[in-house]
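Reading the structure
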Amino acid sequence: MSGWPNLSDLIVGAGEDAPVGMVGAPLGTGSVTPGKCDLAPATLMRTLRRIGRYDIETGKELGSRIADRGALDLTGLTIEQATAPIREAVAASVEAHALTLLVGGNNAVTRPGVLALGNLEEVGLITLDAHFDMRDTSEGLSNGNPVRALIEDGLPGANIAQVGLASFANSADMHRDAIEAGNCVVTIGDVRIHGLDAAISRALDHVAHCDALVIDCDIDVIDRSQLPGAPGARPGGMAVVDFFTAVRRLASDPRVRVIDLTEWDPPLDPTDLSALTAARWVAECLAGYEAR
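Residues numbered from 1 in each chain as written. Predicted model: local features only at pLDDT ≥ 70, side-chain atom pairs only at ≥ 80, totals over all residues. Heavy atoms only, no water.

What follows covers helix 4 (residues 146-153). Because each turn of an α-helix spans 3.6 residues, side chains separated by three or four positions in sequence point in the same direction. When we look at burial in helix 4, the residues that qualify are Pro146, Val147, Arg148, Ala149 and Leu150. Its buried side turned inward, helix 4 meets helix 3 (110-115), strand 7 (123-128), strand 8 (160-165) and helix 5 (172-181). Among the residues trailing helix 4, glycine 154 stands out with phi positive, at a value near 120°. (Buried < 20%, exposed > 50% of the residue type's maximum accessible area, 1.4 Å probe, protein only. Helix = DSSP H or I, 4+ residues; strand = E, 2+ residues; numbered from the N terminus. Contact = heavy atoms within 4.5 Å.)

Quick look at the packing of aromatic side chains now. What the rule picks out here adds up to one aromatic pair. Ring geometry for phenylalanine 243 versus phenylalanine 244: centroids 6.1 Å apart, planes at 55°, classification tilted. Like phenylalanine 244, phenylalanine 243 is buried. (Phe/Tyr/Trp six-rings, centres within 6.5 Å; stacked < 30°, edge-to-face > 60°.)

Ranked by size, the top nonpolar core spans 59 residues in total, and within it Leu128, Phe243, Ile259, Trp281 and Val282 carry the most contacts. Counting residues per element, this core draws most heavily on helix 9 (residues 273-290), which supplies ten residues. Dropping the residues within four chain positions of it, tryptophan 281 is found in contact with Leu44, Leu101, Leu102, Val103, Cys217, Phe243, Phe244, Val247, Ile259, Asp260 and Leu261. Residues Ala108, Val114, Ala116 and Leu155 belong to the second largest nonpolar core, which totals 33 residues. (Core = buried A, V, L, I, M, F, W, Y, C linked by side-chain atoms within 4.5 Å.)

One pass over the structure, following the stated rule, counts zero disulfides. Not engaged in a disulfide, the cysteine cysteine 184 finds its nearest cysteine sulfur in cysteine 210; these two sulfurs lie 12 Å apart. Judged by relative accessible area, cysteine 210 falls into the buried class, the value being 2%. (Disulfide = S-S within 2.5 Å.)

Further remarks concern the pairing of strand 8. Within strand 8, six of the six residues are buried, which leaves the element mostly enclosed by the surrounding structure. Relative to strand 8, strand 7 is paired through four bridges, and the arrangement is parallel. Residue pairing for strand 8: leucine 128 is matched across the bridge by valine 163. Since strand 7 and strand 8 lie parallel, the crossover through helix 4 that links them has a hand, and here it is right-handed. Both strand 8 and strand 9 (residues 184-187) contribute to a ladder of four bridges, which runs parallel. (Pairing = 2+ DSSP bridges. Right-handed = clockwise from strand over helix to strand, strands pointing away.)

Moving on: unusual backbone geometry. Note that the residue after glycine 104, namely glycine 105, is joined by a cis bond; omega there is 20°. Counting through the fold element by element, glycine 105 comes out in the loop between strand 6 (99-104) and helix 3. Phi angles above zero are rare outside glycine, and aspartate 133 is one such case at about 55°. Structurally, the position occupied by aspartate 133 is in the loop between strand 7 and helix 4. If you check the backbone angles, phenylalanine 168 has positive phi at about 60° while not being a glycine. Turning to its location among the elements, phenylalanine 168 is positioned in the loop between strand 8 and helix 5. Since its relative accessible area comes to 86%, phenylalanine 168 is described here as exposed.

This structure, assessed with the given rule, holds 15 salt bridges. Where salt bridges share partners, they join Asp55, Arg248, Arg280 and Glu284 into one cluster. (Salt bridge = Lys/Arg side-chain N within 4 Å of Asp/Glu carboxyl O.)

Reading across from one edge, 1-5-2-6-11-10-7-8-9 is the order of the nine strands in this open sheet, with parallel pairing throughout. The open sheet has two edge strands, strand 1 (11-13) and strand 9, and neither has a second partner. Neighbour-to-neighbour, the strand axes of the sheet open up by a mean angle of 20°, direction not taken into account. Sheet topology note: the strand 2 (residues 20-25)/strand 5 (residues 66-71) ladder contains four bridges and is parallel. In the sheet register, methionine 22 faces strand 5, and the bridge partner there is aspartate 68. On the sheet, helix 9 packs against strand 2, strand 5, strand 6, strand 10 (212-218) and strand 11 (256-262) and is oriented at approximately 165° with respect to strand 6. (Axes fitted to C-alpha atoms, helices over the stretch in contact; angles between N-to-C directions.)

Shown next, in the form of structure tokens:
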């Protein structure tokens, strides 16, 4: 790869000046479908060298440096035990950088990523996800209930927009509870019928009153034929090109302080397709940030 500008060129040490910070949260415990999501942060870092910096569509080359703040040691911790260290690491990154990329791990990392921004009345959450993540919390936290847990923490439904929700991947109770809470619900069918641009506009309109935003990119929103490395991905999901477009547009909003990537389970994909998709996510985050 010598002589070919690629994303690995932009990685600098945690103590160096950079507009973007990256925090690894290799949390695998508490997954509804057990797997190896904890391997994702390290796999992502190894794959960055395979993604270039030049966007032929815009004629621009990515130049924003990313401070690698390292991956947390979450070995043996429950979700409850891991919440505080993830929240503190994200809060420190938010303090130091305009944008923080939080690399999971399973979807349970989303909750501490939101909590890191402080007053929940002022924070908005937009999810790109096939699932509501509204499973019951009575038996503890899991990767299937971070949105319900955040609502119970005090995050208003008026501050939550969910895009890409899939049929036959959720329950009627979850749907009802999301609507009753005031969440903005945009199904994958809505995306197909009305277009991605309308879907993202609807989500942004819903959280227009929020001062800061977190974007949860649960990679299982992508159609499984295009992203086999996610246990919750199903046929009929979002086209990967739409996922990239959505991430870039959302990252361009200056209120976005944290973008996470969750539910990527590298061993599920014996090819490099899922790894390249995850690494391209970093490029789209940077492209959006640089368009602010």
